[in-house]
Amino acid sequence: MDPNILSSVVELSPDGILILDRNDRIIYANRQLHAMFGFAVGELVGASAGELLVEPSQNGDVSKRIDLHLRAKTGSTAGSQALSGRRKDGTPVEAEIRL
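Quick notes on the rules
- Every chain is numbered on its own, with residues counted from 1 as its sequence reads.
- Under the rules for a predicted model, residues below a pLDDT of 70 receive no local features and side-chain atom pairs below 80 are neither given nor counted, while totals for whole chains, interfaces and linings still include all residues.
- Side-chain metrics rest on all non-hydrogen atoms present in the structure, leaving aside hydrogens and water.
- Each helix corresponds to a stretch of at least 4 residues labelled H or I by DSSP, and each strand to a stretch of at least 2 residues labelled E; elements are numbered beginning at the N terminus.
- Exposure classes here rest on a 1.4 Å probe applied to the protein chains alone. A residue is buried below 20% of its type maximum, exposed above 50%, and partly exposed in between.
- The contact criterion used throughout is that any non-hydrogen atoms of two residues lie within 4.5 Å.
- To measure how exposed things are, a 1.4 Å probe is used in the Shrake-Rupley method; for residues, cover is taken only from the protein chains shown.
- Distance and chemistry together define a polar contact, namely a pair of N or O atoms within 3.5 Å, with one atom able to donate a hydrogen and the other to accept it when in protein, and with adjacent residues in sequence counting only for side-chain atoms on both sides.
- Only one rule defines a salt bridge in this text: a Lys or Arg side-chain nitrogen within 4 Å of an Asp or Glu carboxyl oxygen.
- Side-chain atoms within 4.5 Å are what join buried Ala, Val, Leu, Ile, Met, Phe, Trp, Tyr and Cys residues into a set we call a nonpolar core.

K.L.:
Could you give an account of the overall build of the chain, naming the residues involved and the relevant values?
P.N.:
Scanning the chain for helices and strands turns up three helices and four strands. Counting the 99 residues in the chain, one finds 24% classified as buried. Relative to all contacts within the chain whose residues are 6 or more apart in sequence, the contacts with residues 24 or more apart total 28%. Counting every atom, the chain has about 6,600 Å² of accessible surface; 54% of that belongs to carbon and sulfur.

K.L.:
Account for the side chain of Ser-13, naming residues and giving values.
P.N.:
Tracing the backbone through its elements, the reader meets Ser-13 in the loop between helix 1 (3–12) and strand 1 (18–20). According to the relative accessible area criterion, Ser-13 is buried, its value standing at 15%. At 3.0 Å, the side chain of Ser-13 forms a polar contact with the backbone nitrogen of Asp-15. If we skip the residues at most four places from it in the chain, Ser-13 touches Asn-30 and Gln-32.

K.L.:
Summarise the pattern of salt bridges; cite the residues concerned and give the values.
P.N.:
Per the stated rule, a full pass over the model turns up two salt bridges. The salt bridge partner of Lys-88 is Glu-43, with a shortest N-O separation of 2.6 Å. In this pair, Lys-88 sits in the loop between strand 3 (80–86) and strand 4 (92–98) while Glu-43 sits in the loop between helix 2 (31–37) and helix 3 (62–74), placing the two residues 45 residues apart along the sequence. Residue classification places Glu-43 among the partly exposed positions, given a relative accessible area of 36%.

K.L.:
Lay out the side chain of His-34 in plain terms, naming residues and giving numbers.
P.N.:
Note on placement: His-34 falls in helix 2. A relative accessible area of 1% means that His-34 is categorised as buried. Of the polar contacts made by the side chain of His-34, one reaches the backbone oxygen of Asn-30; its length is 3.0 Å. Once residues lying within four places of it in the same chain are set aside, the contact partners of His-34 are Ala-29, Phe-39, Ala-40, Val-41, Gly-42, Glu-43 and Leu-44.

K.L.:
Tell me about the nonpolar core, and name the residues and values.
P.N.:
Residues Ile-26, Ala-29, Leu-33, Phe-37, Phe-39, Leu-44, Ala-49, Leu-52, Val-93 and Ala-95 constitute the largest nonpolar core, which totals ten residues. Only strand 2 (26–29), helix 2 and strand 4 provide two or more residues apiece to this core.

Okay, structure coming up:
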């Protein structure tokens, strides 16, 4: 598959999409995700994904918290679950997490 096609599909998706590294730092976020959370395009790259959650973790990484949250709600990490996020201006936003 042509990488440009995949890139276009992700960038033009109506859903916010982000990719995290092993340290839960954002290495990619599409335009929709930036808009949902009130950030300028590119501003989230390098930020901690925890900055987008209402209750920043005091222990444990974002991936583990999302995994534990999904397991507690659904008994599995498959599927999706709504979590409360936080926009740049501090206002809440509901976000559906799909793994």
